[in-house]
Amino acid sequence: MFNKDDFKAVNAIRTLSIAQIEKANSGHPGLPMGASPMAYALFNKVLKANPSNPSFFNRDRFVLSAGHGSAMLYALLHLSGYGVGIEDLKNFRQIGSITPGHPELGLTPGVEVVTGPLGQGIAQSVGLAAAEKHLAGLYNKEDIKIIDHYTYAICGDGDLMEGVSYEAMSLAGHLKLDKLIILYDSNDICLDGNLSTSFSESVKDRVLAQNWAYDRVEDGEDLEAILKAIEKAKENDKPSLIEIKTVIGFGSKNQGTNKVHGAPIGREDFEFAKKAYEWEDDDFVISDDIYETFKNGIGKRGAEANAAWDKLLEEYAEKYPVDYKELMAGINRELPENFLDQVKKYSHEDKPIATRASSGEILQDLAKVSRNIWGGSADLFSSNKTNIVDSVSFKDDPAGRNIWYGVREFAMAAIGNGIMAHGGSFHHVSTFFVFADYLKAAVRLSALSNLPLSYVMTHDSVAVGEDGPTHEPIEQLAMLRSIPNTLVLRPADANETRLAWKIALESKDKPVVIALTRQNVPNLEETEGLKSIEKGAYIIKDVENPELILIATGSEVAVAIECAKVLEEEGKAVRVVSMPSMELFRAQDASYKEKILPSEVRNRVSIEMGTSFGWGEFTGLDGLNISIDRFGISGPGGDVAKKLGFNTEDIVARIKQKFY
């Protein structure tokens, strides 16, 4: 099946990759030089994708999990006909280019997810495959398979050493994601030297134990064997890993060593490699016959697949109009107009309820609004209240709307990123707030990727109580608030929680973290008519000419209101501001900020059961931050809060000591 044109195309990928790295004087040549044959066999002989329409929805997804090999991906995208030109390759790793050091979603046509932090590409691939399987379960019919494609990834040894890959692959095997195929660039070298210095386990035994299919190609230059292994993997009823033995830096004088891993090989060695590849053209010069090879491969196959699917979609719309409308709404991330009207509101006469519990009730109403809403929990459905009660598990039925992620917080979030990158649905993940530490690296990629994944994090303060300091968040609010392009919402009660969900579901380009209480909190009379919290902060209790402003979040808003009442009885004029989101408030114009926090009122107090870090921006040099700048303690939640100073009496005393 392969001929001299194919081998010439492989070497075009190699030389374009090295040329980019040499021009930039920066990059990782080893992977492109060794893995180009497997990448070529996959891209030009198997992958169903349309370079002329990168967003073709039923395309196969490809993830370069070993994102440091990005030069190879950009060379592939250029040769395949995506919108990546020769000049883009020449600007590899330069400011303003679409060919950055590691692949970035939304920047380069054909890049499906952000990769580079090793292991997360594998986990996101699991998410891409899970999304395909779920949408197929929801929308496919016996006569029309409207969702039907594969997810492929190339990973390296480093990916497989990262813990998140263990977590994600374990779940993928458990869920039998049979349309997930990973090509493992197995070259026995890591950055510091031989792989044997740090890794000696049997990858074969590992993946078989995780309920994956395994195959091995002994020669990474053997295109026929690689293609045969990929086609065989497509017949498996479980995810597949194909270990392909390669020589890192193939063609270099230093091939097979760590010297070619992460630095340019230099002009002399580049010329040496060109001779090994029998390559005679200058840097960045590609002959027309090579472009024709790709045009007749992925170009032709992708265009035909795209046209066939467009025709199938028209037939689907005619035969199944309701399903078609819902599928398109999911793809476009749309919800019915005024969907929040269908969601429960709360009265101050209702019994106090934990915001995690009211969130669970709200979610059930939201799930009826759109069946494109689904989610999962890291073995905490019973605590997070994030399961959709009238649905089954995704494992039992692909259309099921609940994923039991197990105790795999990091993988859960990274898989969630893959689900959102795939498109077509609204997804939420959930765990205890303190375990934001475990998944922070994935939240960062959510933000960097502009992915609107919803994070529901419960047990948001020291009121967790008896579980003690290991489970009581202190610095997590500040940590998550510090991530660019991330919204952190800490609602005060059930009605603010309802509006927080609205923000999360309407987000188009950023992750939203909703931090919720374990303990019951009152439903505030002041929030009953609340229409929005989209400005991040609002006056929840006011007086004329305030002399003191109390700013609170979450469960502490009710405490702030009580403190204000006590101070008012003593003749003080106190305004209370609920600030569910620092980020949203920070984004408002100066006039709104001045309206909420007038500059002439310098007596300001923040009240939040977490670190004081970051609050000085709003309380100023003359302000008081009532916070917890130590770890928590074990005991009943109410007693812990009181011991750490979060009760009306102690807060009022501190305010009076400071200002009166």
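Quick caveat, the model's predicted, so the values are computed rather than measured.

The rules behind these values
Residues numbered from 1 in each chain as written. Predicted model: local features only at pLDDT ≥ 70, side-chain atom pairs only at ≥ 80, totals over all residues. Heavy atoms only, no water. Helix = DSSP H or I, 4+ residues; strand = E, 2+ residues; numbered from the N terminus. Rg over C-alpha atoms; globule rule 2.2 N^0.38 Å. Buried < 20%, exposed > 50% of the residue type's maximum accessible area, 1.4 Å probe, protein only. Contact = heavy atoms within 4.5 Å. UniProt positions renumbered as here; feature names shortened; annotations may be inferred. Polar contact = N/O pair within 3.5 Å; in protein donor to acceptor, adjacent residues only side chain to side chain. Domains from an automatic or database assignment. Buried area = accessible area lost by both parts, 1.4 Å probe. Salt bridge = Lys/Arg side-chain N within 4 Å of Asp/Glu carboxyl O. Pairing = 2+ DSSP bridges. Right-handed = clockwise from strand over helix to strand, strands pointing away. Patch = residues over 30% accessible without salt bridge, like charges linked within 9 Å, V, L, I, M, F, W, Y side chains within 5 Å. Areas by Shrake-Rupley, 256 points an atom, 1.4 Å probe, with all protein chains shown as cover. Lys, Arg positive; Asp, Glu negative; His and termini not counted. Charge placed at Lys NZ, Arg CZ, Asp CG, Glu CD. Phe/Tyr/Trp six-rings, centres within 6.5 Å; stacked < 30°, edge-to-face > 60°. Lys NZ or Arg CZ within 6 Å of the ring centre and 35° of its normal. Expected span 1.5 Å × (residues − 1).

A.B. asks: Is there a simple way to explain the overall build of the protein in this structure?
C.D. replies: Scanning the protein from N- to C-terminus turns up 24 helices and 20 strands. Relative to the globule expectation of 26 Å for 660 residues, the C-alpha radius of gyration of the protein, 27 Å, shows essentially globular dimensions. Relative to its full complement of 660 residues, the protein shows a buried share of 61%. In the protein, the proportion of contacts linking residues at least 24 apart, taken out of those at least 6 apart, comes to 77%.

A.B. asks: Help me understand the UniProt feature "binding site: thiamine diphosphate" (unreviewed entry) in the protein, please; the structure alone is not making it clear to me.
C.D. replies: The UniProt record marks His-68, Gly-116, Pro-117, Leu-118, Gly-158, Asn-187, His-261 and Phe-435 with the feature "binding site: thiamine diphosphate" (unreviewed entry), using the residue numbering of this structure. Their sequence span is 368 residues, while the largest C-alpha to C-alpha distance among them is 35.0 Å; these annotated residues do not converge on one region. Counting through the fold element by element, His-68 comes out in the loop between strand E1 (61-64) and helix H3 (70-80). Setting aside its immediate chain neighbours within four residues, His-68 contacts His-28, Leu-31, His-102, Leu-118 and His-261. Along the polypeptide, Gly-116 turns up in the loop between helix H4 (86-90) and helix H5 (120-139). Setting aside anything within four residues of it in sequence, one finds Gly-116 in contact with Ser-65, Gly-67 and His-102.

A.B. asks: What is the right way to read the UniProt feature "domain: Transketolase-like pyrimidine-binding" (unreviewed entry) in the protein from this model?
C.D. replies: When the UniProt feature table is mapped onto this chain, "domain: Transketolase-like pyrimidine-binding" (unreviewed entry) is found at residues 353-523. As annotated, residues 353-523 comprises 38% helix and 18% strand, and the C-alpha atoms at either end are separated by 7 Å.

A.B. asks: What is the right way to read the environment of Lys-535 from this model?
C.D. replies: Residue placement: Lys-535 occurs in the loop between strand E15 (520-521) and strand E16 (538-541). Taking relative accessible area as the criterion, Lys-535 reaches 42% and is therefore assigned partly exposed. For Lys-535 and His-102, which are 433 residues apart along the polypeptide, the C-alpha to C-alpha distance reads 35 Å. Aside from chain neighbours lying at most four places away, what touches Lys-535 is Leu-584, Phe-585, Gln-588 and Tyr-592.

A.B. asks: Help me understand the side chain of Ser-359, please; the structure alone is not making it clear to me.
C.D. replies: Summarising the element assignment, Ser-359 is placed in helix H13 (residues 355-369). Its relative accessible area of 0% is what places Ser-359 among the buried residues. Engagement of the side chain of Ser-359 in a polar contact is seen with the side chain of Trp-501, the distance being 2.9 Å. Those residues in contact with Ser-359 that lie beyond four places of it in its chain are Val-456, Thr-497, Trp-501 and Leu-516.

A.B. asks: Even after reading the chapter, I still don't get the domain arrangement of the protein, so can you show me in this structure?
C.D. replies: One frequently used descriptor of interface size is the decrease in accessible area upon assembly of the parts. Under the domain assignment, the protein is made up of domain 1 (4-304), domain 2 (339-527) and domain 3 (538-659). Here the C-alpha centre of domain 2 lies 34 Å away from the C-alpha centre of domain 1. The interface is formed by 31 residues belonging to domain 1 together with 30 residues belonging to domain 2. Interface area for domain 1 against domain 2, summed over the two sides, is near 2700 Å², with a carbon-plus-sulfur share of 69%. Between the two partners, domain 1 and domain 2, sit zero salt bridges. The tally of links from domain 1 across to domain 2 stands at nine residue pairs in polar contact (both at pLDDT 80 or more). Counting only elements with at least two residues in the side of domain 1 that touches domain 2, the list comes to H5 and helix H7 (163-175). Of all the elements, H5 adds the most residues to the side of domain 1 that touches domain 2, at 15 residues.

A.B. asks: Got a minute to help me understand the pairing of strand E6 (residues 213-217) in this structure?
C.D. replies: Consecutive residues of a regular strand have side chains that alternate between opposite faces of the sheet. Judged from the five bridges that link them, E6 and strand E7 (residues 240-245) form a sheet pairing that is parallel. Considered in E7, the bridge of Asp-215 is made with Ile-242. Once you follow E6 into helix H9 (residues 223-233) and on to E7, the crossover reads as right-handed.

A.B. asks: Before we go on, may I ask you to explain a negative patch on the surface in this structure?
C.D. replies: A contiguous patch of negative charge on the surface is contributed by Glu-349, Asp-350, Glu-525, Glu-526 and Glu-528. Tracing the backbone through its elements, the reader meets Glu-526 in the loop between E15 and E16.

A.B. asks: Would you mind showing me how to read the pairing of strand E9 (residues 373-377) here?
C.D. replies: Among the five residues in E9, five count as buried, and that is most of the element. The side-chain alternation of E9 yields two buried faces, one formed by Ile-373, Gly-375 and Ser-377 and the other by Trp-374 and Gly-376. With five bridges joining them, E9 and strand E11 (residues 426-432) adopt parallel strand pairing. Within E11, the residue paired with Gly-375 across the bridge is His-428. Where E9 lies against strand E10 (residues 402-404), three bridges are found, and the strand directions are parallel. The residue of E10 that forms the bridge with Ser-377 is Trp-404.

A.B. asks: Sorry, what's going on with the packing of aromatic side chains here?
C.D. replies: The relation between two aromatic rings is expressed through the spacing of the ring centres and the mutual angle of the planes. According to the stated counting rule, one finds 13 aromatic pairs in the structure shown. Plain terms: the ring middles of Tyr-40 and Phe-294 are 5.6 Å apart, the flat faces sit at 85° to each other, and that makes the pair edge-to-face. Taken together, the residues Tyr-40 in helix H2 (residues 30-45) and Phe-294 in helix H11 (residues 288-319) connect sequence positions 254 residues apart. Accessibility classification places Tyr-40 together with Phe-294 in one group, the buried group. Plain terms: the ring middles of Trp-615 and Phe-618 are 6.0 Å apart, the flat faces sit at 65° to each other, and that makes the pair edge-to-face. Clustering of aromatic rings is evident, with ring pairs tying together Phe-585, Tyr-592, Trp-615 and Phe-618. The ring of Phe-57 is capped by Arg-61, whose NZ or CZ atom sits 5.3 Å from the centre of that ring. In this arrangement the basic side chain of Lys-141 is found over the ring face of Tyr-320, its NZ or CZ atom lying 5.1 Å from the centre.

A.B. asks: I'm lost on helix H15 (residues 409-422) in this one. Help?
C.D. replies: Since one α-helical turn is 3.6 residues long, residues separated by three or four positions face the same way. Along its 14 residues, H15 runs 20 Å from first to last C-alpha, staying within 8% of the 20 Å computed at 1.5 Å per residue. Among the 14 residues that make up H15, 14 are buried, leaving the element largely enclosed by the rest of the structure. Directly beyond the C-terminal end of H15, a positive phi value near 90° is found at Gly-423.

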